[in-house]
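Analysis of the macromolecular model
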Amino acid sequence: VPAPPPGSFEVKLSILDTQIRFWAPPADQPIPYVSLNYGVIFECLDIGNVLFVWYTLACERKILLVSSQLSLLTICAEILCSMLFPMRWSHLYIPVLPRFLTPMLDAPMPYLCGISRDI
């Protein structure tokens with residue numbers, strides 16, 4: 001898929017009679033463009049916990065997100081990663097960790113993982 005030309009925000013491609021759009025942020029935008037609702041993270045966590053998780057990510061520590069709604073895990077993890085801009089999370093990132101991989105949580109390295117509350 002080709003990148004949008006400078007100054008353009010999207011590329012449209014037709015595949016099997018379906019129009020597919022790929023988005024790119026504008027070059028002069030000061031923060032990363034994430035097409036997710038940032039309000040979701042504040043509905044799940046209070047402001048103190050959002051700041052604490054951001055601080056913990058910036059310090060490259062272990063973060064484990066727990067939710068009974070698996071769909072929220074990926075959304076919240078992506079929002080938290082985007083909040084690190086201009087830094088990037090370069091460690092282990094598994095927004096929905098399968099049950100058989102939970103022993104990995106004892107690893108001596110930073111991670112951002114999410115698990116179901118039912119595990």
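Comments concerning the overall build of the protein
Broken down by element type, the protein carries 3 helices and 5 strands. Helices (α) and strands (β) of the protein occur, in sequence order from the N terminus, as β-β-α-α-β-α-β-β. By residue count, 27% of the 119 residues in the protein fall in the buried class. Pairs at least 24 apart in sequence give 47% of the contacts found in the protein among residues at least 6 apart. Carbon and sulfur atoms provide 61% of the accessible area of the protein, an area that totals close to 8,100 Å².

Thoughts on the side chain of Ser 116
Residue position: Ser 116 is located in strand S5 (residues 111–116). By relative accessible area, Ser 116 is classed as buried at 14%. If we skip the residues at most four places from it in the chain, Ser 116 touches Ser 67, Leu 70 and Leu 73.

As for the sheet that holds strand S3 (residues 63–67)
Spatial ordering of the open sheet is given by S3-S5-S4, a layout of 3 strands whose pairing is parallel. Lying at the two open borders of the sheet, with one neighbouring strand each, are S3 and strand S4 (92–94). The mean inter-strand angle of the sheet, taken between neighbouring strand axes irrespective of direction, is 20°. As defined by bridge partners, S4 adjoins S5 across 3 bridges and the pair is classed as parallel. Bridging from a neighbouring strand, Tyr 93 pairs with Leu 112 of S5. Lying over the sheet, helix H3 (residues 70–82) contacts S3, S4 and S5, oriented at roughly 145° with respect to S3.

Thoughts on the pairing of S3
Here S3 shows a buried face lined by Ile 63, Leu 65 and Ser 67 and an unburied face lined by Leu 64 and Val 66. Pairing of S3 with S5 involves 5 bridges; the strand directions are parallel. Each bridged residue has a counterpart across the sheet, and for Ser 67 the counterpart in S5 is Ser 116.

Focus: helix H2 (residues 47–58)
End to end, H2 covers 16 Å across 12 residues, agreeing with the expected 16 Å (1.5 Å per residue, within 8%). Along H2, the residues classified as buried are Val 50, Val 53, Thr 56 and Leu 57. Each buried residue of H2 lies within a common arc of 130° when the element is viewed along its axis, so the set occupies one face. Exposed side chains of H2 directed beyond 90 degrees from the buried face belong to Ile 47, Leu 51, Phe 52 and Tyr 55. On the buried face of H2, the contacting elements are helix H1 (39–44), S3, H3 and S5. Downstream of H2 by a residue or two, Glu 60 has a phi angle that is positive, lying close to 55°.

Considerations on a nonpolar patch on the surface
The grouping of Phe 52, Trp 54, Tyr 55 and Met 87 at the surface amounts to a nonpolar patch, some 440 Å² of accessible area in total. For Trp 54, the location among the structural elements is in helix H2. Exposure remark for Trp 54: the relative accessible area of 32% places this residue in the partly exposed category.

How each quantity is defined
- Sequence order sets the numbering: in each chain, residues are counted from 1 along the sequence as written.
- Restriction of local features to residues with pLDDT of at least 70 applies here, the model being predicted, together with a cutoff of 80 or more for giving and counting side-chain atom pairs; totals for whole chains, interfaces and linings are based on all residues.
- To get the side-chain values, all heavy atoms of the structure are used, and hydrogens and water are removed first.
- In this description a helix means any DSSP run of H or I spanning at least four residues, a strand means any run of E spanning at least two, and both kinds are numbered starting from the N terminus.
- Relative accessibility decides the category of a residue: with a 1.4 Å probe and only protein chains considered, values under 20% of the type maximum give buried, values over 50% give exposed, and everything between is partly exposed.
- Here a residue-residue contact requires only that any non-hydrogen atoms of the pair lie within 4.5 Å.
- Only the protein chains shown count as cover for residues, and all accessible areas are computed by the Shrake-Rupley method using a 1.4 Å probe.
- By the convention used here, strands pair only if DSSP detects at least 2 bridges between them.
- Here, axes are lines fitted to C-alpha atoms. For helices the fit covers the stretch in contact, and angles between N-to-C directions go from 0 to 180 degrees.
- Given a helix with a known number of residues, its expected span is that number minus one, times 1.5 Å.
- The arc under discussion is defined with respect to the helix axis, by the directions toward the C-beta atoms.
- Exposure above 30% relative accessible area and the lack of any salt bridge qualify a residue for a patch; like charges then connect within 9 Å, and the nonpolar side chains Val, Leu, Ile, Met, Phe, Trp and Tyr within 5 Å.
- Salt bridges are counted wherever a side-chain nitrogen of Lys or Arg sits within 4 Å of a carboxyl oxygen of Asp or Glu.

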